[in-house]
Amino acid sequence: MFKAWEIFLYPNPSLNFFTTVSRTCLVCSLFFMMLSAIFNGPLRVQVHLYGDLITHRWIVFIIINLVTSLKNYITAEENKLKQVKQWAEKLDVLSAIAMQDPEGFLGNPVNAFKLMKRLNTEWGDLESLVLKDTKEGFISNLTLQRQHFPTDEDQTGAAKALLRLQDTYRLDTNTISTGDLPGVTHKSPMTVEDCFELGKIAYSEVDYYHTELWMEQALKQLDEGEESTVDKVTVLDYLSYAIYQQGDLGRALELTKRLLMLDPEHQRANGNLKYFEFQLINQRKAQAQEAQKAQEEGKERRKRLTSDASKKKKRFREPVPERKMYEMLCRGEGIKLTPRRQRRLFCRYFDNHGHPKYLLSPVKQEDEWDRPYIVRYHDIISHGEIEKVKELAKPRLRRATISNPITGVLETAPYRISKSAWLTAYEHPMIDQINQRIEDLTGLEMDTAEELQVANYGVGGQYEPHFDFGRKDEPDAFKELGTGNRIATWLFYMSDVAAGGATVFPDVGAAVWPKKGTAVFWYNLFPSGEGDYSTRHAACPVLVGNKWVSNKWIHERGQEFRRPCGLNETA
């Protein structure tokens with residue numbers, strides 16, 4: 001029964017709504033046709049454009065270049081059409097006079113000469129003008145720039161990033177669509193086409209929850225009178241199916257009826273109407289039976305209940321799932337630092353036990369958290385140093401990788417979306433100075449540490465909960481380095497972030513917010529060498545702005561006398 005109906009049930013995601021665009025503008029149509037040819041052509045550069053803002057800035061310049069080129073093409077076409085129009089007007093006047101008295105007109109030798117001249121010479125010039133190809137320069141520029149164009153993967157990645165931000169920061173679709181995001185300086189409202197495309201991408205990912213949200217927003221904007229190439233029938237087709245997939249047959253039926261009011265001949269909607277009505281009847285019957293059964297079971301349960309309070313068991317609160325806690329902390333909720341623990345955190349001038357470099361100019365140190373112990377160093381890296389580090393890193397930024405827990409090989413992962421680069425101490429004296437500063441303040445050996453890693457997180461960039469150290473079930477995590485496990489992490493914040501981008505520790509309810517020029521430090525291992533599982537942390541997605549960080553992963557080898565092994569497992 002189901003398979004027979006299934007033929008009509010779902011909209012085809014491969015149908016492109018742009019095919020319904022009216023071809024009233026020849027130039028615009030040509031432009032989109034050329035873009036379509038390029039996007040579907042063989043040349044694709046897989047660079048994951050949605051992961052950082054460096055590439056996004058480059059795309060802005062590409063667009064500016066193409067728009068300038070397109071305007072030049074339009075101007076050339078308009079000039080050509082202007083000349084053709086002048087020709088038409090001149091000939092129209094001549095034709096009107098000639099038609100009044102053809103014989104008398106041609107009887108004038110001057111008119112006869114001019115007519116022969118126009119047909120023999122000037123019409124040839126007009127033909128050359130009409131056939132003149134003014135698009136060559138624009139096409140050449142477009143072909144040159146297309147290697148930098150985003151791919152379908154980039155567009156899907158950007159859409160997923162937006163949906164991820166929506167979930168993490170609990171943003172409603174209307175807030176996003178109107179561009180009214182926290183910290184935004186350049187508001188950019190979304191059109192019906194934008195909302196529809198976002199919903200369609202969610203649909204192709206079998207994400208019916210977000211399909212519903214964004215198709216509803218597209219429908220809302222259409223109902224408010226916004227003009228669009230997307231029609232209500234198409235939106236309702238996707239929306240009704242997404243709602244059906246989530247189990248709300250009544251609402252799916254209501255939307256299907258609305259669709260049929262707009263397009264009574266819609267084949268799939270007519271099929272769905274009968275199917276939804278049939279399923280709704282069965283659903284209501286099943287719900288009635290379940291309600292009756294539950295009522296009977298409730299009576300039996302009340303008979304077995306006793307009023308003996310001593311037999312009541314104390315109910316323990318269920319732990320909050322990590323994903324939910326991670327998102328709460330990203331929003332600034334669920335932080336578990338009590339006032340009593342807060343009073344134990346201090347700010348101080350720190351010289352690392354009388355280190356010669358810091359005796360006269362100690363650094364500002366602040367306790368961020370007690371367990372695990374996380375400290376922040378203020379004004380620890382200058383603006384000039386930050387700009388130099390970024391300058392060195394930008395040309396080599398690549399999609400960030402993680403260490404495979406089984407093989408130890410570095411590879412990309414969908415839960416880490418950023419671009420990173422590694423800077424060695426011998427590349428520039430400033431990198432060596434930064435490494436030495438970390439050693440002086442932590443007292444740990446830097447010769448066995450990993451190189452300075454610089455990372456850029458664009459909008460939606462994140463790194464989901466993870467450990468920096470290798471666990472017992474990952475014996476080969478850092479085998480290739482030969483320097484033991486990661487004993488500690490040093491993290492520089494090289495930019496402020498307009499909204500989002502916190503570093504959170506879901507297991508302990510801690511959140512550290514980025515502040516330019518500061519750095520945070522914590523130990524991943526206890527002095528015994530055992531891993532501190534409370535250091536599991538994440539980089540929250542950047543909601544608005546651009547996040548630059550650089551980190552130093554410090555390893556065990558070389559620390560034997562700098563941080564002696566403890567006798568207890570967690571000490």
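Computed from a predicted structure; not experimentally measured. (Residues numbered from 1 in each chain as written. Predicted model: local features only at pLDDT ≥ 70, side-chain atom pairs only at ≥ 80, totals over all residues. Heavy atoms only, no water.)

> Looking at this structure, how should I read empty space enclosed by the protein?
Empty space among the atoms becomes visible once a probe the size of a water molecule is rolled across them. Applying the stated rule across the entire model yields 2 cavities of 30 Å³ or more. Roughly 200 Å³ of volume is contained in the largest cavity. Forming the walls of the largest cavity are 18 residues, and the residues nearest its centre are Tyr457, Tyr463, His466, Leu491 and His537. Of all the elements in the fold, those that place two or more residues in the lining of the largest cavity are strand E9 (452–457), strand E10 (462–466), strand E11 (486–493), strand E16 (537–539) and strand E18 (547–555). It is E18 that contributes the most residues to the lining of the largest cavity, 4 residues altogether. (1 Å grid on protein atoms, 1.4 Å probe; cavity = no way out; pocket = protein on both sides within 12 Å on 5 of 7 lines; lining within 4 Å. Points joined across faces, edges and corners; volume = space filled by probe spheres on them. Helix = DSSP H or I, 4+ residues; strand = E, 2+ residues; numbered from the N terminus.)

> What's the story with the packing of helix H10 (residues 208–223) against helix H11 (residues 232–245) in this structure? I'm lost.
The relative placement of two packed helices comes down to the angle between their axes together with the axis-to-axis distance. Relative to each other, H10 and H11 sit at 150°, their axes nearing to 9 Å. The angle between H10 and H11 falls in the class roughly antiparallel. Crossing of H10 against H11: the hand is left-handed. Within the contact between the two elements, H10 uses Tyr208, Thr211, Glu212, Met215, Glu216, Ala218, Leu219, Leu222 and Asp223 and H11 uses Lys232, Val235, Leu236, Tyr238, Leu239, Tyr241, Ala242, Ile243 and Gln245. (Axes fitted to C-alpha atoms, helices over the stretch in contact; angles between N-to-C directions. Parallel < 35°, antiparallel > 145°, perpendicular 65-115°, else oblique. Left-handed = near helix turned anticlockwise from the far one by under 90°. Contact = heavy atoms within 4.5 Å.)

> Hey, could you run me through the pairing of strand E3 (residues 374–378) in this one?
Walk down a regular strand and you will see the side chains alternate between the two sheet faces. For E3, the tally of buried residues reaches 5 of 5 residues, placing the bulk of the element in the interior. Residue alternation in E3 divides its side chains into two sets, Ile374, Arg376 and His378 and Val375 and Tyr377, and both sets are buried. In this sheet, E3 lies alongside strand E2 (residues 363–369) in antiparallel orientation, the contact comprising 5 bridges. Across the sheet, glutamine 365 pairs through a bridge with tyrosine 377, a residue of E3. Linking two consecutive strands that pair antiparallel, namely E2 and E3, is a turn of 4 residues. Relative to strand E15 (residues 518–523), E3 runs antiparallel, the two being bridged by 3 bridges. What sits directly across from arginine 376, in E15, is valine 520. (Buried < 20%, exposed > 50% of the residue type's maximum accessible area, 1.4 Å probe, protein only. Pairing = 2+ DSSP bridges.)

> Looking at this structure, I do not really get the nonpolar core. What am I missing?
Where a protein is soluble and globular, its nonpolar side chains tend to be buried together. Ranked by internal contacts, the top residues of the largest apolar core, which has 54 residues, are Val235 and Val504. Elements represented by at least two residues in this core include exactly helix H7 (152–168), helix H9 (192–204), H10, H11, helix H12 (249–262), helix H13 (267–304), helix H14 (322–330) and strand E17 (542–544). When residues in this core are grouped by element, the largest group, 9 residues, is from H11. When residues no more than four places from it in sequence are discounted, the contact partners of valine 504 are Tyr326, Leu329, Cys330, Ala510, Ala511, Arg536, His537, Ala538 and Cys540. Of all hydrophobic cores here, the second largest spans 36 residues; its members include Val375, Leu444, Met446 and Ala519. (Core = buried A, V, L, I, M, F, W, Y, C linked by side-chain atoms within 4.5 Å.)

> So what exactly am I meant to see when it comes to H11 here?
Here H11 spans 20 Å end to end across 14 residues, near enough to the 20 Å set by a 1.5 Å rise per residue. Where burial is concerned, most of H11 is hidden: 11 out of the 14 residues are buried. If you check which residues of H11 are buried, you get Val233, Val235, Leu236, Asp237, Tyr238, Leu239, Ser240, Tyr241, Ala242, Ile243 and Tyr244. Where H11 begins, the side chain of aspartate 231 points an oxygen toward the backbone nitrogen of valine 233, at a separation of 3.1 Å. Of the residues trailing H11, glycine 247 is marked for its positive phi of about 95°. (Expected span 1.5 Å × (residues − 1). Polar contact = N/O pair within 3.5 Å; in protein donor to acceptor, adjacent residues only side chain to side chain.)

> Honestly, the pattern of salt bridges in this entry has me stumped. Any pointers?
Side-chain pairs of opposite charge can arise whenever the charged atoms involved come near each other. One pass over the structure, following the stated rule, counts 29 salt bridges. A salt bridge links glutamate 439 to arginine 562; the nearest nitrogen and oxygen atoms lie 3.4 Å apart. With glutamate 439 in helix H17 (residues 429–442) and arginine 562 in the segment after E18, this pair connects stretches of sequence that are 123 residues apart. Its relative accessible area of 15% is what places glutamate 439 among the buried residues. Because the salt bridges share partners, they merge into one network encompassing Glu212, Glu216 and Arg251. (Salt bridge = Lys/Arg side-chain N within 4 Å of Asp/Glu carboxyl O.)

> Would you mind showing me how to read the UniProt feature "repeat: TPR" (unreviewed entry) in the protein chain here?
Residues given the UniProt feature "repeat: TPR" (unreviewed entry) here are residues 233–266. When the span residues 233–266 is considered, its composition is 79% helix and 0% strand, and the gap between its end C-alpha atoms is 9 Å. (UniProt positions renumbered as here; feature names shortened; annotations may be inferred.)

> Sorry if this is basic, but what is going on with the state of the cysteines here?
What is meant by a disulfide is a covalent connection between two cysteines, made through their sulfur atoms. Following the criterion strictly, the structure yields 1 disulfide and no others. Disulfide partner of cysteine 330: cysteine 540, at an S-S distance of 2.0 Å. Because the sign of the S-S torsion sets the handedness, a value of about -90° for the bond joining cysteine 330 and cysteine 540 places this disulfide among the left-handed ones. Of the two residues, cysteine 330 is situated in helix H14 and cysteine 540 in the loop between E16 and E17; the sequence distance between them amounts to 210 residues. Residues cysteine 330 and cysteine 540 agree in their burial class; the two are buried. (Disulfide = S-S within 2.5 Å.)

> I keep staring at the confidence of the model for the protein chain and nothing clicks. Help me out?
Reading predicted coordinates in detail is not appropriate for stretches of low pLDDT. Looking at the protein chain as a whole, the pLDDT averages 83, with 79% of positions reaching at least 70. Here residues 1–7 is modelled with pLDDT under 50, and outside its nearest four sequence neighbours on either side it reaches 7 contacts, counting other chains as well. Low pLDDT, under 50, characterises residues 308–316; the stretch is placed with 1 contact to residues that sit more than four places away or in other chains. (pLDDT = per-residue confidence, 0-100.)

> So what exactly am I meant to see when it comes to the sheet that holds strand E8 (residues 419–423) here?
Whenever strands of a sheet pair, they do so through backbone hydrogen bonds, lying parallel or antiparallel. Strand order in the open sheet made by the 9 strands is E1-E2-E3-E15-E11-E18-E9-E8-E4, with antiparallel pairing throughout. Since the sheet does not close on itself, it has two edges, and those belong to strand E1 (347–350) and strand E4 (398–399), each with one partner. Relative to the sheet, helix H16 (residues 383–393) contacts E8, E9 and E18, its axis offset from that of E8 by approximately 105°. This element, H17, spans E1, E2, E3, E8, E9, E11, E15 and E18 of the sheet and lies at about 120° to E11.

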